[in-house]
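# Breakdown of the fold
This is what each chain is made of:
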Amino acid sequence: MDATSLHANYRLWQRFQRQEQLGREHQAALRKLAETGAMASRVTEAYRSMADRGAKEGASYRTLFQRRRDNGDNLACEGWLFVRRVLAEGGTTRIRATLFETFTLEEGEITPSTESPTKITLDIYDELLVQKSMTLGCRTDRHDDERDTRFITFLDSVRGDLHQYL
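A few points on the structure. (Residues numbered from 1 in each chain as written. Predicted model: local features only at pLDDT ≥ 70, side-chain atom pairs only at ≥ 80, totals over all residues. Heavy atoms only, no water.)

## A word on the pairing of strand E3 (residues 92-104)
The buried count for E3 comes to ten of 13 residues, which makes it a mostly enclosed element. The pairing of strand E2 (residues 74-89) with E3 spans eleven bridges and is antiparallel. Paired with Phe82 across the bridge in E3 is Thr98. Between E2 and E3, which pair antiparallel and follow one another directly, the connecting turn spans two residues, one of which, Gly90, has a positive phi of 50°. Once E3 ends, the chain turns through three residues before running back antiparallel as strand E4 (residues 108-109). (Buried < 20%, exposed > 50% of the residue type's maximum accessible area, 1.4 Å probe, protein only. Helix = DSSP H or I, 4+ residues; strand = E, 2+ residues; numbered from the N terminus. Pairing = 2+ DSSP bridges.)

Structure (structure tokens):
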């Protein structure tokens, strides 16, 4: 095996390792959200705070989400979310945001650029969780692409340098 193919195999292995780590982190965050019993109203207020800080400081927030592949698998992806607006109308809450994807299994690490932002719309809603008992929880899914679901956005992971790419 020559050095070039060995290096390529190593990079591929690193990508799968990162995918596994993101999958575990996403599952842990979903579990924690379910355990806290967070409702859509509380999560909506968090997104309002993100939108306010985004408008004032250009803040983007780290987000993890699942993307359904053509074969039916759901794999975790990572990105940064710039929240532009929170719209609450008639019991429906929608988030208008810009997503900078920073990791997918297919692409590996993605560096933000002027071509990378994608305008998205998220729906926030309460869901009934049936596991050991029935409880209410909250879910955030992408409205304009049904393949992207279960967004978890972290308030404590913030960066302000992505505003230049909007």
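## Structural notes on the pattern of salt bridges
Where charged atoms of side chains with opposite charge meet at close range, the side chains can pair. Counted by the stated rule, this structure contains 18 salt bridges. Of the charged contacts in the structure, one is a salt bridge between Arg94 and Asp123, with a shortest N-O distance of 2.6 Å. Taken as a pair, Arg94 in strand E3 and Asp123 in strand E5 (residues 117-130) lie far apart in primary sequence, 29 residues in all. By relative accessible area, Arg94 is classed as partly exposed at 26%. With a closest N to O distance of 2.8 Å, Asp144 and Arg142 form a salt bridge. Given the relative accessible area of 12%, Arg142 is considered buried. In this structure, a network of salt bridges that share partners links the residues Arg18, Glu25, Arg62, Glu78 and Glu109. (Salt bridge = Lys/Arg side-chain N within 4 Å of Asp/Glu carboxyl O.)

## Notes on the nonpolar core
Formed by 21 residues in total, the largest nonpolar core has its most connected members in Tyr47, Leu81, Val83, Ile95, Ile120, Leu122 and Ile124. Among the secondary structure elements, those contributing two or more residues to this core are helix H2 (40-57), strand E1 (60-68), E2, E3 and E5. In terms of residue count, H2 provides more of this core than any other element does, five residues in total. Leaving out residues up to four positions away in the same chain, Leu122 has contacts with Tyr47, Leu81, Thr93, Arg94, Ile95, Thr140, Asp141, Arg142, His143 and Phe151. (Core = buried A, V, L, I, M, F, W, Y, C linked by side-chain atoms within 4.5 Å. Contact = heavy atoms within 4.5 Å.)

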